[in-house]
Amino acid sequence: EYQRARHYLTTTNALIMGSFDGNLHLGVDSELRKLQLIPVPYGTENITVSGSAQDTPIHTFTGFTVRCLQEFDSKLFIGLDAGAGVSKLATWDGLGIRDDLTGINVPTCFGRYRVQNGGDSIVVGFGAATNHIRYRPAGASPGTWVTVTPSAGTVASFSMASYKDVLYIADGLTGIWAYDGTTLSLVRTPAAATVVRAVTVFNNFLYFGYDTAAAARVGKYDGSTWT
């Protein structure tokens, strides 16, 4: 049965969701919250029992807006927007909030990638004006982030997915980028695409979603052929 769990009456920005420690976490404007579902008899909605609130506040990032969430290395990474040059990344480990990287441009999305020779890493992307991505391996906060700039062109990040040891990035513009641990480059511009919105991995394929002037389309890639 479909269940409504939480009603946000005054949310200004899009709700951000991410899993951490077996629970659904929510970015609600400047707040990080954890959804707390309660068991109810069949035929009764959660929200009618709990009222509008069925989550737990964790932290308020005053002056910031939560833009992205990603679980990595037993921590929840939080991308926070306060504008160009004054945004930041923070972490929540279930005990405390720590700044991980400060004084950056607005983060737009996270991804996970096995950076060659460096082990599993978390990656953060930005808008086109920033023109780079950053990654860091596991470790305590604050971490050491490595900046990667494109070999040519201007990269932006809207969605990320790791496939066959390559990180693929939908740029939210008209292209798909790839980072292989050495080179960040534009690898695909779908014909007639007006915006490439998403990449994800399913059933041993990389899928990508994009718009044209006439329709929304889905394509796939098997490591050698784009369809």
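Residues numbered from 1 in each chain as written. Predicted model: local features only at pLDDT ≥ 70, side-chain atom pairs only at ≥ 80, totals over all residues. Heavy atoms only, no water.

Caption draft 1: Representation of the sheet that holds strand 5 (residues 65-72). Here we have four strands laid out as an open sheet, ordered 5-6-7-8, and antiparallel in their pairing. Of all the strands in the sheet, the pair left with one neighbour each is strand 5 and strand 8 (97-104). Averaged over all adjacent pairs, the angle separating strand axes in this sheet is 20°, with direction ignored. Where strand 7 (residues 87-92) meets strand 8, six bridges bridge the pair, whose relative direction is antiparallel. Bridge assignment links Thr91 to a residue of strand 8, and that residue is Arg98. (Pairing = 2+ DSSP bridges. Helix = DSSP H or I, 4+ residues; strand = E, 2+ residues; numbered from the N terminus. Axes fitted to C-alpha atoms, helices over the stretch in contact; angles between N-to-C directions.)

Caption draft 2: The environment of Ala5, seen in detail. Among the secondary structure elements, Ala5 is positioned in the segment before strand 1 (16-20). Judged by relative accessible area, Ala5 falls into the buried class, the value being 15%. With 84 residues separating them along the chain, Ala5 and Leu89 place their C-alpha atoms 28 Å apart. Setting aside residues up to four positions removed in sequence, Ala5 forms contacts with Leu35, Leu37, Ile47, Ser52 and Gln54. (Buried < 20%, exposed > 50% of the residue type's maximum accessible area, 1.4 Å probe, protein only. Contact = heavy atoms within 4.5 Å.)

Caption draft 3: The arrangement of the nonpolar core in detail. Residues Tyr168, Leu206 and Trp226 are the most contacted members of the largest nonpolar core, which totals 15 residues. Elements represented by at least two residues in this core include exactly strand 13 (159-163), strand 14 (166-170), strand 15 (176-179), strand 17 (195-202) and strand 18 (205-211). For Trp226, the residues in contact, after removing those within four places along its chain, are Tyr168, Ile176, Val187, Arg188, Leu206, Phe208, Lys220 and Tyr221. Counting 13 residues, the second-largest nonpolar core is a separate cluster that includes Tyr135, Val148, Met160 and Trp177. (Core = buried A, V, L, I, M, F, W, Y, C linked by side-chain atoms within 4.5 Å.)

Caption draft 4: Region of interest: the sheet that holds strand 19 (residues 216-221). Taken together, the three strands give an open sheet; going across it, the order is 17-18-19, and neighbouring strands pair in antiparallel fashion. Pairing within the sheet leaves two strands with one partner each, and these edge strands are strand 17 and strand 19. The average angle at which neighbouring strand axes cross in this sheet is 20°, direction not considered. When strand 18 meets strand 19, the two strands line up antiparallel, connected through six bridges. Residue pairing across strands places Phe208 opposite Gly219, the latter belonging to strand 19.

Caption draft 5: Layout of the packing of aromatic side chains. All told, the structure shown has 14 aromatic pairs when counted by the stated rule. Pairing Phe77 with Phe110 gives two aromatic rings, centres 6.5 Å apart and planes at 70°, and the pair type is edge-to-face. Of this pair, Phe77 sits in strand 6 (residues 75-81) while Phe110 is found in strand 9 (residues 107-115), placing the two residues 33 residues apart along the sequence. A residue is classified by how much of its surface remains accessible, and Phe77, at 0% relative accessible area, is buried. (Phe/Tyr/Trp six-rings, centres within 6.5 Å; stacked < 30°, edge-to-face > 60°.)

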